[in-house]
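Survey of secondary and tertiary structure
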Amino acid sequence: MRPWGMRTVARTAAGLALAGAAGLVYARWEAQAFTLRRAEVPVLPAGQPAMRILHLSDLHLVPGQRTKQAWVRSLREVRPDAVVVTGDFLSHPDAVPHVLDTLEPLFDLPGAFVLGSNDYYAPKPLNPARYLRGPSQLEPNRPMLPWGDLVDGLVAGGWLDLGNRRGTLKIDGREVDVRGVDDPHIRRDRYNDVAGAFAADADLALGVTHAPYLRVLDAMAVDGADLVLAGHTHGGQLCVPGVGALVTNCDLPRSKAKGLSTHGDAALHVSAGLGTSPYAPVRFACRPEATLLTLTARG
């Protein structure tokens, strides 16, 4: 190769390395750029006033994440009427008291939750190429996390455990028929335990799941859910500007990886979540988020 050609190759390689380093620095910064998103969802009966639900997901909390904890605690100031958390609270065996302390300002509100796979099993390093090839699989020999202590603490805070359960939430004087499943990503979901038509006289029919697998979304929509809330996808976590998510880590289409869409006759909201695995503490074009959903009357 001629000297000028070698210099061109060297400059190109150096430029790519610099761009990669800059992108990594930005992606680590973005993972801490917590954002409150807002969306309006017309799902309430005609004539009803608005209802505000704070949707949290995928905190993936580890001890020492004080900035994230403080930001979540501050969400009490947006004055939601209720809180729903769609799983993956934990990413460390010692995180339970930190999660409960973080959510404590919200415990005076009606609330409900489901768990995700990372509440049951400690994280392990993964090959990113495997993640891009399709939904991740549960690695063998992952240590269990103290998920029972987490559930006990959340229930003691007054929130409803929706892991393959259904119940009723009273929100702002209105009745919400709510049901959920344990995490479909690791096949803990048993929708048959909660199946059947939602209550016809309820003010809202609400479905909750961690991972938005189509088998669960289909069943909830057929049974008459007005709104389904989910997390798990991290919104793709590493997105391409103008393209969006490359993967959803489930069978949900990439176009629905985050935000508000529809599934059958139900509204669907998928949260991009607030955290990451401790082994991949980066986000790109997909800021960590919570969402204040303002439910309004149907037109």
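From a predicted model like this one, the values you see are computed outputs, not experimental measurements. (Residues numbered from 1 in each chain as written. Predicted model: local features only at pLDDT ≥ 70, side-chain atom pairs only at ≥ 80, totals over all residues. Heavy atoms only, no water.)

Notes on the sheet that holds strand S6 (residues 165-171)
Read across the open sheet, the 6 strands follow the order S6-S7-S8-S9-S13-S12; overall the sheet is mixed. Edge positions in the sheet fall to S6 and strand S12 (259-263), since each of these pairs with one other strand and no more. Geometrically, the sheet is characterised by an average inter-axis angle of 25° between neighbouring strands, direction not taken into account. One ladder, built from 5 bridges, connects strand S7 (residues 174-180) with strand S8 (residues 204-208); its direction is parallel. The residue of S8 that forms the bridge with Val-178 is Leu-206. Running at roughly 65° to S12, helix H7 (residues 214-222) makes contact with S7, S8, strand S9 (227-230), S12 and strand S13 (266-270) of the sheet. (Pairing = 2+ DSSP bridges. Helix = DSSP H or I, 4+ residues; strand = E, 2+ residues; numbered from the N terminus. Axes fitted to C-alpha atoms, helices over the stretch in contact; angles between N-to-C directions. Contact = heavy atoms within 4.5 Å.)

Structural notes on the side chain of Gln-48
With respect to the helices and strands, the residue Gln-48 is situated in the loop between strand S1 (35-44) and strand S2 (51-56). Only 2.5 Å separates the side chain of Gln-48 from the side chain of Asp-203, close enough to count as a polar contact. (Polar contact = N/O pair within 3.5 Å; in protein donor to acceptor, adjacent residues only side chain to side chain.)

Considering the pattern of salt bridges
Think of it this way: side chains of opposite charge can pair up when their charged atoms draw near. This model, assessed by the stated rule, comprises 12 salt bridges. Note that Glu-289 and Arg-37 form a salt bridge whose closest N and O atoms lie 2.6 Å from each other. Taken together, the positions of Glu-289 in strand S14 (residues 289-297) and Arg-37 in strand S1 put the pair 252 residues apart, joining distant regions of the chain. Judged by relative accessible area, which is 33%, Arg-37 ranks as partly exposed. We note a salt bridge from Glu-175 to Lys-170, for which the minimum N-O separation is 3.5 Å. Glu-175 sits in the partly exposed class, given a relative accessible area of 27%. (Salt bridge = Lys/Arg side-chain N within 4 Å of Asp/Glu carboxyl O. Buried < 20%, exposed > 50% of the residue type's maximum accessible area, 1.4 Å probe, protein only.)

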